[in-house]
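The lines below spell out each chain.
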Amino acid sequence: MVETTGNRKMQIHTTGKPFNITKKQVYEAYKAVKSNAGSAGVDGQTIEQFDSDLRSNLYKLWNRMSSGSYFPPPVRAVSIPKKTGGQRILGVPTVADRVAQMVVKQVIEPVLDPIFLADSYGYRPRKSALDAIGVTRKRCWKYDWVLEFDIKGLFDNIDHEFLLRAVRKHVTCKWALLYIERWLTAPMEHVDGSRAERTRGTPQGGVVSPTLANLFLHYAFDLWMTRTHPDLPWCRYADDGLVHCRNEQEAQALKAELQERLAECRLEMHPTKTKIVYCKDGKRKGTYPNIQFDFLGYGFRPRLVRRSRDNTLFWGFNPAVSASALKAMRATIRELNLRHRTDLPMDEIARQINPLLRGWIEYYGRYSPSALYPLLRYVNQMILAWARRKFKRFKAHKIRTSRFLQKLAQEKASLFAHWQLGMTGTFA
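Residues numbered from 1 in each chain as written. Predicted model: local features only at pLDDT ≥ 70, side-chain atom pairs only at ≥ 80, totals over all residues. Heavy atoms only, no water.

Undergrad: Just checking my understanding: could you explain the overall build of the protein for this structure?
TA: Tallying secondary structure elements over the protein gives 15 helices and 13 strands in all. Summarising its shape, the C-alpha atoms of the protein cover approximately 75 × 60 × 45 Å along the three principal directions. Within the protein, the proportion of its 428 residues that are buried is 49%. Here the contacts in the protein between residues at least 6 apart in sequence split such that 67% fall between residues at least 24 apart. Approximately 21,700 Å² of the protein is accessible, and the part contributed by carbon and sulfur atoms is 51%. Each charge class in the protein was averaged separately, 69 positive and 40 negative side chains, and the resulting centres sit 8 Å apart. (Helix = DSSP H or I, 4+ residues; strand = E, 2+ residues; numbered from the N terminus. Buried < 20%, exposed > 50% of the residue type's maximum accessible area, 1.4 Å probe, protein only. Contact = heavy atoms within 4.5 Å. Areas by Shrake-Rupley, 256 points an atom, 1.4 Å probe, with all protein chains shown as cover. Lys, Arg positive; Asp, Glu negative; His and termini not counted. Charge placed at Lys NZ, Arg CZ, Asp CG, Glu CD.)

Laid out in structure tokens, this is it:
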């Protein structure tokens, strides 16, 4: 029997089920879900609990999906704080539902990703946020102005009619279409047990949601931008986007046009997060209210840069870790409360904090790594405070402790991730 999946044809063995979903597909999806971790859904089942009866759980899921009798349970509403204040509601599916969504994602992603444009960077294989930062950096050198736009509540407000029209245009796998429709209308269950029916949006937190959001914005923004303004480069990462313009008037006109376009698609441009920025550097003169913007954790603004060919300093418009990202990272370290964990040896302190440090250094160390020094100094101060509490001989001797740790950082640089790179900062 032959089943069409997207634009591909696969020879498969019939199972007597209406939908030919293989057990291997379900198992491969499970492995991907497990590697991404995640919390429990409305049933309270963790990944570890799901694993305890893995064979039975995966069989039941396969049986229901392949027979067409799988109906997704409600998603659990989880409120998380936004960096800019307020709360964002995530919809957390159950572990089994995440596996089911992953089965569909792994079928539709190879079909949809090739149609997406090169400057769409979010949630795509072989593309990253750092790729978006790199291309934005170069374009800020070439274009004087940037329209920074944000779509208000994208995941909560995607229009189901428009989205399904796009899905049906590209996805021909019948069971994938069926389950996507069911996921879009699965209710949201709040902490008090109440359930909210959904007539629009796709839960932020769902496995398949980012792919669906990308497809929606492919038509709502990407193709529209390419058709109406082919001479203006743009970059989009999910609902955050930038368009580079030649002058302020062009940026203002584009902002008005984009506002109208999003309204046509039943979306809204965020009123405070959307702004026009002048990419001021040593050659660009004039005084303007906005000469900086944040994008994907990086702050773009005028910075003193050393020219490699003659070692002179000049003003450039460049990215470095943003102030808000630094604040969030310090908060993460502070919440670990490691400075008070005197019951732990130093290598255990390092084991807990190193995965965070490696990730931050890998991401924020790509451009202007010296901007990370305040964070690394904060980490060293945490280690210093821990050592003074742990060892009586250091309790009243901050300078002696600082010297001891400085020597240790040189002799055992492999202990902490930032020490390995020589980014020890200071313990003072």
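Next comes the rest of the account.
Undergrad: What exactly am I supposed to notice about the sheet that holds strand β11 (residues 293-295) here?
TA: Within a sheet, adjacent strands bond to each other through the backbone by hydrogen bonds, running parallel or antiparallel. If you trace the three strands from one edge of the open sheet to the other, you get β11-β12-β13, paired in antiparallel fashion. Edge positions in the sheet fall to β11 and β13 (313-321), since each of these pairs with one other strand and no more. Mean inter-strand twist for the sheet, computed between neighbouring axes without regard to direction, equals 50°. As paired elements, strand β12 (residues 298-306) and β13 share nine bridges and run antiparallel to each other. For L304, the partnering residue across the bridge sits in β13 and is W315. (Pairing = 2+ DSSP bridges. Axes fitted to C-alpha atoms, helices over the stretch in contact; angles between N-to-C directions.)

Undergrad: Sorry if this is basic, but what is going on with the nonpolar core here?
TA: Burial of nonpolar side chains together is a common tendency in soluble globular proteins. Counting residues in hydrophobic clusters, the biggest one holds 68 residues, and the most contacted among them are M65, V104, I108, W175 and V243. Filtering out sequence-adjacent residues up to four positions away, V104 remains in contact with M65, W175, A176, Y179, I180, W183 and V208. Counting residues in hydrophobic clusters, the runner-up holds 54 residues, among them M329, M346, Y363 and A417. (Core = buried A, V, L, I, M, F, W, Y, C linked by side-chain atoms within 4.5 Å.)

Undergrad: Teacher, can you tell me more about unusual backbone geometry here?
TA: Trans is the prevailing form of peptide bonds, just as negative phi is the prevailing case for residues other than glycine. Located in the positive-phi region is R126, a residue other than glycine, with phi close to 65°. Position of R126 relative to the elements: it lies in the loop between α4 (95-112) and α5 (129-142). Of note in this structure, L296 is not a glycine but carries a positive phi near 55°.

Undergrad: Honestly, the environment of V104 in this entry has me stumped. Any pointers?
TA: Turning to its location among the elements, V104 is positioned in helix α4. Classification of V104 as buried rests on a relative accessible area of 0%. The spatial distance from the C-alpha of V104 to the C-alpha of C173 is 9.5 Å, given a sequence separation of 69 residues.

Undergrad: Sorry, what's going on with the pairing of strand β9 (residues 240-245) here?
TA: Strand residues, when the strand is regular, have side chains that alternate between the two faces of the sheet. Of all six residues that make up β9, five are buried, and the element is covered over most of its length. Note that strand β5 (residues 145-150) and β9 share six bridges and pair antiparallel. Its bridge partner being in β9, F149 is matched across the sheet by G241. In textbook terms, the turn of a hairpin is the stretch between consecutive antiparallel strands, and for strand β8 (residues 234-237) and β9 this stretch comprises two residues, one of which, A238, has a positive phi near 55°.

Undergrad: What is the right way to read the packing of aromatic side chains from this model?
TA: Given two aromatic rings, their pairing is described by the distance between the two centres and the angle made by the two planes. Taken as a whole, this structure holds 19 aromatic pairs when the rule is applied. Both rings, one in Y298 and one in Y364, keep their centres 5.6 Å apart while their planes meet at 40°; by these two values the pair is tilted. With Y298 in strand β12 and Y364 in helix α12 (residues 346-364), this pair connects stretches of sequence that are 66 residues apart. Using a relative accessible area of 0% as the deciding quantity, one classes Y298 as buried. (Phe/Tyr/Trp six-rings, centres within 6.5 Å; stacked < 30°, edge-to-face > 60°.)

Undergrad: Can you walk me through the sheet that holds strand β3 (residues 75-81) in this structure?
TA: Within the open sheet, the four strands sit side by side as β4-β3-β6-β7. Their pairing is mixed. In this open sheet, the two edge strands, each paired with only one partner strand, are β4 (87-92) and β7 (195-196). Examined bridge by bridge, β3 and β4 share six bridges and lie antiparallel to one another. Paired with R76 across the two strands is V92, which belongs to β4.

Undergrad: Would you take a moment to explain α5 for this structure?
TA: Side chains three or four residues apart in an α-helix point the same way, a direct result of the helix having 3.6 residues per turn. Helix length check: α5, at 14 residues, gives a terminal C-alpha distance of 20 Å against a target of 20 Å (1.5 Å per residue), a fit within 8%. Of the positions making up α5, those classed as buried are A129, L130, A132, I133, G134, V135, T136, R139 and C140. The distance from a side-chain oxygen at the start of α5 to the backbone nitrogen of L130 is 3.3 Å, and the residue carrying that oxygen is S128. (Expected span 1.5 Å × (residues − 1). Polar contact = N/O pair within 3.5 Å; in protein donor to acceptor, adjacent residues only side chain to side chain.)

Undergrad: Help me understand the environment of V321, please; the structure alone is not making it clear to me.
TA: For V321, the location among the structural elements is in strand β13. On the basis of relative accessibility, which here comes to 6%, the residue V321 falls in the buried class. Along the backbone, V321 and G299 are 22 residues apart, and their C-alpha atoms lie at a distance of 5.8 Å.

Undergrad: Quick question: what am I supposed to make of the pattern of salt bridges here?
TA: Close approach of charged atoms allows side chains with opposite charge to pair. Here the structure, examined in full by the defined rule, presents 18 salt bridges. One salt bridge in this structure joins R139 and D119, with 3.1 Å as the shortest N-O distance. Of this pair, R139 sits in helix α5 while D119 sits in the loop between α4 and α5, and the two are 20 residues apart along the sequence. Like D119, R139 is buried. Residues joined by salt bridges that share partners form a network here, namely D159, E161, R165 and R266. (Salt bridge = Lys/Arg side-chain N within 4 Å of Asp/Glu carboxyl O.)

Just distances and angles here, no functional claims.
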